[in-house]
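Chain and residue survey
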Amino acid sequence: MKNFTLPKLPYAYGALVPHIDAKTMQIHYTKHHQGYVDKLNAALASDKKEINTLEELLQNVDAYSVAVRNNAGGDYNHTLFWESLCPNGKKMPAGELIKAIEKKFQSFDLFQEEFSAGAATLFGSGWAWLCKNTDGNLSIQTTPNQDNPLMNRKVGWRPILGLDVWEHAYYLHYQNRRPDYIKAFWHIVNWEVIEARYVKAS
Ligand code: MN3
């Protein structure tokens, strides 16, 4: 039986201050993300199912229990999220990604507006995503709970950027001001990582 472990956080808890405070980062990583990993292992053990990778699991999620779905999504989504962030991110992407963004959304500003609006108006807990399909096209999507665009396998969208809008991601610092948290997010996107994901995703 494969045992999942919490991946290393690529920076210190306080690295993204003032946009994400150290206490939120610490609790989010050591309690929430660790919780998804632990519960995923427990749920897989009780399902008695073998898996190779989280991506494969998410693409075949209907074959698993709700507990596996929620916690595999929670593990995958948070790993992608941590790796999407960095202190002092550059203002916007370059290369193939900015070309694709301008083709789809006309401008980077309009892309940001649409993504932010999707994240702000998502009801309850969930995620906002920038996704790429096999044709290289982009799409902004939202998913509830710990769902992920990979779960909709037929359509073939792969997430390359994700924003956690569960209250646990921002409430300590921003309270109910989700739009302020979303505005802060744009200062800490690691666009080099997202550019590389865009090129690699197929
Ligand atoms: Mn979270």
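The rules behind the values
Residues numbered from 1 in each chain as written. Predicted model: local features only at pLDDT ≥ 70, side-chain atom pairs only at ≥ 80, totals over all residues. Heavy atoms only, no water. Donors = N, O, S within 2.8 Å, 3.2 Å for Na, K, Ca; no water. Buried < 20%, exposed > 50% of the residue type's maximum accessible area, 1.4 Å probe, protein only. Core = buried A, V, L, I, M, F, W, Y, C linked by side-chain atoms within 4.5 Å. Contact = heavy atoms within 4.5 Å. Helix = DSSP H or I, 4+ residues; strand = E, 2+ residues; numbered from the N terminus. Arc of directions from axis to C-beta. Pairing = 2+ DSSP bridges. Axes fitted to C-alpha atoms, helices over the stretch in contact; angles between N-to-C directions.

Reference geometry at the metal: tetrahedral coordination by four donors gives ideal angles of 109.5 degrees; octahedral coordination by six donors gives 90 or 180 degrees. The coordination sphere of the manganese ion contains the protein donors His28 (NE2), His78 (NE2), Asp164 (OD) and His168 (NE2), at a distance range of 2.0 to 2.2 Å. On the accessibility criterion, His28 (3% relative accessible area) is buried. On the accessibility criterion, Asp164 (0% relative accessible area) is buried.

In this section: the nonpolar core. Counting 62 residues, the largest nonpolar core has Phe111 and Phe115 as its most contacted members. Not counting chain neighbours up to four residues away, the residues in contact with Phe115 comprise Ala128, Trp129, Leu130, Ile140, Leu161, Leu163, Phe185 and Trp186.

Let us look at helix 4 (residues 95-105). Of all the positions in helix 4, only Leu97, Ile98, Ala100, Ile101 and Phe105 are classed as buried. Buried residues in helix 4, looked at end-on, bunch into an arc of 160 degrees, giving them a common side. In helix 4, the exposed residues that point more than 90 degrees away from the buried face are Lys99 and Lys103. Close packing links the buried residues of helix 4 with helix 5 (108-121), strand 1 (126-132), strand 2 (138-144), strand 3 (158-164) and helix 8 (191-200). Phi turns positive one or two residues past the end of helix 4, at Gln106, with a value near 75 degrees.

Below, the discussion takes up the sheet that holds strand 2. The strand order across the open sheet formed by 3 strands is 2-1-3, and the pairing between neighbours is antiparallel. Each having just a single partner strand, strand 2 and strand 3 make up the two edges of the open sheet. Ignoring which end each strand starts from, the neighbouring axes of this sheet average 25 degrees apart. Pairing of strand 1 with strand 2 involves 7 bridges; the strand directions are antiparallel. Paired with Ala128 across the bridge in strand 2 is Thr142.

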